[in-house]
Amino acid sequence: MDRITKIKIGRRKFLRVSAMVAAGGVLLAACGDTVSPTNTPAAGTTTVAGGATSLKLGVLLPFSGVYTQLGLDIVDGMNLYFESIGGVVAGRKIELLKEDEENDPQAALRKTKKLIESDKVDLLTGIVSSAVALGIRDTVDQAKTILVISNAGAKDITGARFSKYIFRTSFSNGQVPYPLGEWAYKNVGKKIFMTAPDYAAGRESVEGFKATFVKAGGTVVGEVYPPFGKTSDYAPFLTQIQQAKPEAVYAFYSGTEAVNFVKQYEQFGLKKDIPLVAAGFIVEQDTLPALGGAALGIKSTLHYADSLDTPENKKFVADFTSKYKRTPTTFALQGFDSARFIVEGLKVVNGDTTNKENLVKALEGVKFISPRGPLEIDPTNHGLTQNIYLRDVVAGSDGKPMNKVISTFEKIQDINTLLKN
Ligand code: PHB
């Protein structure tokens, strides 16, 4: 466990430790096989033993609020990958400078400026919230700092507000439930109620589901968007759902909001009558242990399932579980893949982060078989084409709820491309 993961979220203490981490950074590895550096050191970059300059990676993630566990999982996934390569790429030690995105675009913008202007990071990664991604987009673009988004699915980042310096190794919000809409119409119900937190990710997730559900012939009987990051009592919203008498409910919730929503959905008595279908974040390993039986039977789509039966995934799950003593989430996987994506790009340019145009080209060509399946960046929008899995929460052989994969939708494109077709 590194310093960040040990933090229990006392705000004062968090700020103190966060400042320590930001000031000192976290050197991941001792100097390994050093290859002579070909890059010119950026101002403010420390020179390390062997003459190579460290690679400063700014990591902006939630370490407080409803998405705290997502941030911690992404860091753990990243560290697992970086450690697997000895913490060095093209002779440069990888140094993480972590900041809390705070689930707040204004705060995150200040942290972004600090990482770019004062810390002079070579690259940025992280970002869980779509609102944060949209809020920092112009600053990152103007600074020509390469940002590899490891979660936030905001549609415009790979669409109307595309930046050549921004890549995404996660998903687009609408991409995840896009195949679920048609499947739910055929297999679950013709009249749907939709609910999500009131911000870009929630609204775009609903939009992606609705696109194929309505096209197939389905009717939307109601929608409700509880305030994001502030709602813990869902009773007023569950009452609205009950009164609309839908045949099924579609939901996007994540982190602690997912735990509250799904538990209360059952406690309110809705689960036995109205099946819940969802974007898979709602039933990942960060929520399943707390949800227990309340999660059973939830059908969801996601670009990953820890039960995927492939050699790449088996190794990832075994390595992650052995290091952290818990099963990885999709967020951990995204951290792992973001780290690999960055490393693969840097290898092509021999670690040179000063020539941005060359690094952009190198990253556009990165392709590998991830634990989630083939991972391919679309060079036209920097989004991903990837498999989306339909999962069902069942009791595993140990009695604990787990996501069983029941079918695979292959090569689903970024939502901007899907909605054009
Ligand atoms: C987002 O804000 O883009 C977001 C947050 C949490 C998720 C998925 C998407 O689980």
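Everything that follows concerns the structure shown earlier in this document.
All values derive from a computational prediction rather than experimental measurement. (Residues numbered from 1 in each chain as written. Predicted model: local features only at pLDDT ≥ 70, side-chain atom pairs only at ≥ 80, totals over all residues. Heavy atoms only, no water.)

Visitor: Whenever I open this one, the overall build of the chain confuses me. Can you help?
Guide: Counting secondary structure elements, the chain contains 13 helices and 16 strands. Across the 421 residues in the chain, those meeting the buried criterion constitute 60%. In the chain, 69% of the contacts between residues at least 6 apart in sequence involve partners at least 24 apart. Put simply, the chain shows about 15800 Å² of open surface, and 52% of that area lies on carbon and sulfur atoms. (Helix = DSSP H or I, 4+ residues; strand = E, 2+ residues; numbered from the N terminus. Buried < 20%, exposed > 50% of the residue type's maximum accessible area, 1.4 Å probe, protein only. Contact = heavy atoms within 4.5 Å. Areas by Shrake-Rupley, 256 points an atom, 1.4 Å probe, with all protein chains shown as cover.)

Visitor: Is there a simple way to explain the packing of helix α5 (residues 178-187) against helix α6 (residues 200-215) in this structure?
Guide: Helices that pack against each other are described as a pair by the angle of their axes relative to one another and the distance between those axes. With their axes 6 Å apart at the nearest point, α5 and α6 run at an angle of 40° to one another. One way to sum up the angle between α5 and α6 is to call them oblique. The hand of the α5/α6 crossing is right-handed. Two secondary-structure elements touch here, α5 through Y178, L180, G181, E182, A184 and Y185 and α6 through G208, F209, A211, T212 and F213. Residue classes in the contact of α5 with α6 are distributed as seven nonpolar, three polar and one charged. (Axes fitted to C-alpha atoms, helices over the stretch in contact; angles between N-to-C directions. Parallel < 35°, antiparallel > 145°, perpendicular 65-115°, else oblique. Left-handed = near helix turned anticlockwise from the far one by under 90°. Nonpolar A, V, L, I, M, F, W, Y, C, P; charged D, E, K, R; others polar.)

Visitor: Just checking my understanding: could you explain the pairing of strand β9 (residues 219-224) for this structure?
Guide: Residues in a regular strand project their side chains so that they alternate between the two faces of the sheet. In this structure, strand β8 (residues 191-195) lies alongside β9, joined through five bridges in parallel fashion. In the strand pairing of β9, I192 is matched with V220. Handedness of the crossover joining β8 and β9 through α6 is recorded here as right-handed. (Pairing = 2+ DSSP bridges. Right-handed = clockwise from strand over helix to strand, strands pointing away.)

Visitor: Would you explain the packing of aromatic side chains in this entry?
Guide: Geometry of an aromatic ring pair is reported as the spacing of the ring centres plus the angle between the planes. A full pass over the atoms with the stated rule returns 19 aromatic pairs. With 4.9 Å between their ring centres and 45° between their planes, F171 and F281 make a pair best called tilted. With F171 in the loop between β7 (166-168) and α5 and F281 in the loop between β11 (276-279) and α9 (288-291), this pair connects stretches of sequence that are 110 residues apart. When the centroid spacing of 6.0 Å and the interplanar angle of 80° are considered together, the rings of Y185 and F213 count as edge-to-face. In this pair, Y185 is assigned in helix α5 and F213 in helix α6, connecting sequence segments 28 residues apart. (Phe/Tyr/Trp six-rings, centres within 6.5 Å; stacked < 30°, edge-to-face > 60°.)

Visitor: Looking at this structure, how should I read the site of the ligand?
Guide: Surveying the vicinity of the ligand reveals 16 residues, the closest of which are V128, S130, G153, Y199 and S254. In this structure, Y199 approaches the ligand through a side-chain N or O atom, which is 2.5 Å from an oxygen atom. Within the complex, 100% of the 280 Å² of free accessible area of the ligand lies under protein. Applying the majority rule of atoms within 2 Å of the grid points places the ligand in the largest cavity. Counting residues domain by domain, the shell around the ligand receives three or more from each of domain 1 (4-172 + 310-382) and domain 2 (178-302 + 387-420). (Near = heavy atom within 4 Å. Polar contact = N/O pair within 3.5 Å; in protein donor to acceptor, adjacent residues only side chain to side chain. 1 Å grid on protein atoms, 1.4 Å probe; cavity = no way out; pocket = protein on both sides within 12 Å on 5 of 7 lines; lining within 4 Å. Sits in = over half its atoms within 2 Å of the grid points. Domains from an automatic or database assignment.)

Visitor: Explain the pattern of salt bridges to me, please; I cannot follow it from the model alone.
Guide: Between side chains of opposite charge, a pair can form as their charged atoms come close. Inspection of every chain in the model, using the stated rule, returns 24 salt bridges. Note that D73 and R326 form a salt bridge whose closest N and O atoms lie 2.7 Å from each other. Here D73 is found in helix α2 (residues 68-84), whereas its partner R326 is found in the loop between α10 (311-324) and α11 (330-348), with 253 residues between them in sequence. Looking at D73, the relative accessible area reads 2%, which means it is buried. The network of salt bridges with shared partners includes R137, D138, D141 and R161. (Salt bridge = Lys/Arg side-chain N within 4 Å of Asp/Glu carboxyl O.)

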